[in-house]
Amino acid sequence: MKNKIRYISPRNFKSMVIEKNNRQGFSINLKKTNLTNLKKGDVLIKNSYSCINYKDILICKGNPGLVRKFPHIPGIDFSGIVIFSKSKKFKTGDKVVSIGQPVGVKTQGCWSEYIKLSDRWIEKLPKNISLKNSMIFGTAGFTAMYAILRLIESGIKKKTNSILVTGSSGGVGLFSILILSKIGFKVTALTRHANAEKLLKSIGASDIILQKELDKHILLPLLNSRFSAVIDNLGGHVLSNASKLLINGGKIISVGNVLSNNSNISILPFILRKIEMIGINTETAPRATRNHIWRELAKIQSNKLKKIFKTHKFKDLNLLIKKLIKNYSGGRRIISFN
Ligand SMILES: NC(=O)c1ccc[n+]([C@@H]2O[C@H](COP(=O)([O-])OP(=O)(O)OC[C@H]3O[C@@H](n4cnc5c(N)ncnc54)[C@H](OP(=O)(O)O)[C@@H]3O)[C@@H](O)[C@H]2O)c1
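Along each chain, residues carry numbers from 1 onward, in the same order as the chain's sequence is written. Local features are withheld for residues below a pLDDT of 70 in this predicted model, meaning they are given only at 70 or higher, and side-chain atom pairs are given and counted only at 80 or more; totals for whole chains, interfaces and linings count all residues.

Engineer: Lay out the nonpolar core in plain terms, naming residues and giving numbers.
Structural biologist: Nonpolar cores are built from buried Ala, Val, Leu, Ile, Met, Phe, Trp, Tyr and Cys residues. These are joined into a set through C-beta atoms within 7 Å. Buried residues are those with 20 or more other C-beta atoms within 10 Å of their own C-beta, exposed residues have 12 or fewer, and partly exposed residues lie in between; C-beta atoms are placed from the backbone. Counting residues in each nonpolar core, the largest one holds 86 residues, and the members touching the most others are Ile163, Ile177 and Val230. Note: domain ranges come from an automatic or database domain assignment. Viewed by domain, this core spans two of them, domain 1 (13-125 + 308-336) and domain 2 (140-283), each represented by three or more residues. C-beta atoms are first placed from the backbone for all residues, and any pair lying within 7 Å is then listed as a contact. Residues contacting Val230, with those up to four places away along its chain left out, are Leu164, Thr166, Ala242, Leu246, Ile252 and Ile253.

Engineer: Quick rundown of the site of the ligand? Include the residues and the values.
Structural biologist: Nearness rests on one distance test: the residue's C-beta atom, set from the backbone, must lie within 6 Å of the molecule or strand. Around the ligand sit 29 residues in total, of which Gly167, Gly170, Thr191, Gly256 and Gly330 are the nearest. Helix and strand assignments come from DSSP, with helices taken as H or I runs of at least 4 residues and strands as E runs of at least 2, each series counted from the N terminus. Of all the secondary-structure elements, those providing two or more residues to the shell around the ligand are helix H1 (54-60), helix H2 (131-153) and helix H3 (171-182). Its residues assigned to classes, the shell around the ligand shows 9 nonpolar, 18 polar and 2 charged. When residues of the shell around the ligand are assigned to domains, at least three map to each of domain 1 (13-125 + 308-336) and domain 2 (140-283). Put simply, Ala, Val, Leu, Ile, Met, Phe, Trp, Tyr, Cys and Pro go in the nonpolar bin, Asp, Glu, Lys and Arg in the charged bin, and everything else, Gly too, in the polar bin.

Engineer: Which residues make up the environment of Gly104, and what values go with them?
Structural biologist: Looking at the secondary structure, you find Gly104 in the loop between strand S5 (95-98) and strand S6 (114-118). In this structure, the C-alpha to C-alpha distance between Gly104 and Tyr114, residues 10 residues apart in sequence, is 14 Å.

Engineer: Kindly report on the domain arrangement of the protein, identifying the contributing residues and their values.
Structural biologist: What the domain assignment reports for the protein is domain 1 (13-125 + 308-336) and domain 2 (140-283). Here the C-alpha centre of domain 2 lies 30 Å away from the C-alpha centre of domain 1. Class assignment of the residues belonging to the side of domain 1 that touches domain 2 gives a composition of 4 nonpolar, 5 polar and 1 charged.

Structural data, given as structure tokens:
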């Protein structure tokens, strides 16, 4: 008879829970929770770190395009240690991570002291990346690296015109600047905030453009060509304006839609300057691409990393989320469960 290993499921541990109230919309609170039994392929993890992404805030606001079933535990990224496994892929003590997966959208998320997940959505923490560093990157850093790899694959060379990064003080923006400049590209940051200049330059931007300056040219079909590519996090009219600034053969790497899913684009830059647009979706990146992204992220050891994130304790998350819902500003926020 097979020797069955038993485990004692953690009980009454804390999770962030969004509940739908019939009249008042949504409430978010730290609550005591328990887990249902593990099925074949499930892994039980003690959480070490998580982080806050743009999508997390949309979910906390109750965005119906993302989550429809409540109560819901938000949180799309985490790193932690396996404490029990019903999967052949993982064993107790393994350090694991989940980034850019459907976790927290199609499944319960990871803003919880313990997490039960199918082994499909987790991977072993890559060598040379710590549990904490994996969450400093999170989906934002992972996506920035994906965008940069696609940009290089598309033929954009280092010794050419600058790369424009929009939404530059956000997570994807900050990582795009830091990584591009570290590997030798010249970068220009587009932001709404003049006071972000010092930070953006300190992590590698050679110059900045204020979004309101670019907005003045909204009616022109073409602008003087300046950039070899744009990594666009905003969509809407900013994507349209940025496309008018690209040189011959310039590329648009379309990442985000902070402003809008729709963009009123002039087709002249596409025809006259042979512009191409490349969309990326981290969630559907093939395994080989994910491995490539992790290998490249492991090389990004930079003192500049500590300029772009703040760490918060899990017990303070509720207050932080309530503040962010009222007055959101992008950037990297790490959550520590230790
Ligand atoms: N394609 C994918 O696989 C993928 C993966 C991850 C994220 N995304 C998307 O990428 C986008 C950026 O994500 P993120 O994590 O970087 O978000 P974030 O940290 O929230 O940053 C967004 C940035 O956009 C700018 N911004 C915000 N509201 C704006 C407004 N009303 N007008 C103009 N600019 C505004 C701000 O930069 P400034 O203050 O500098 O102006 C802000 O810091 C999101 O749309 C997200 O959903 C896509």
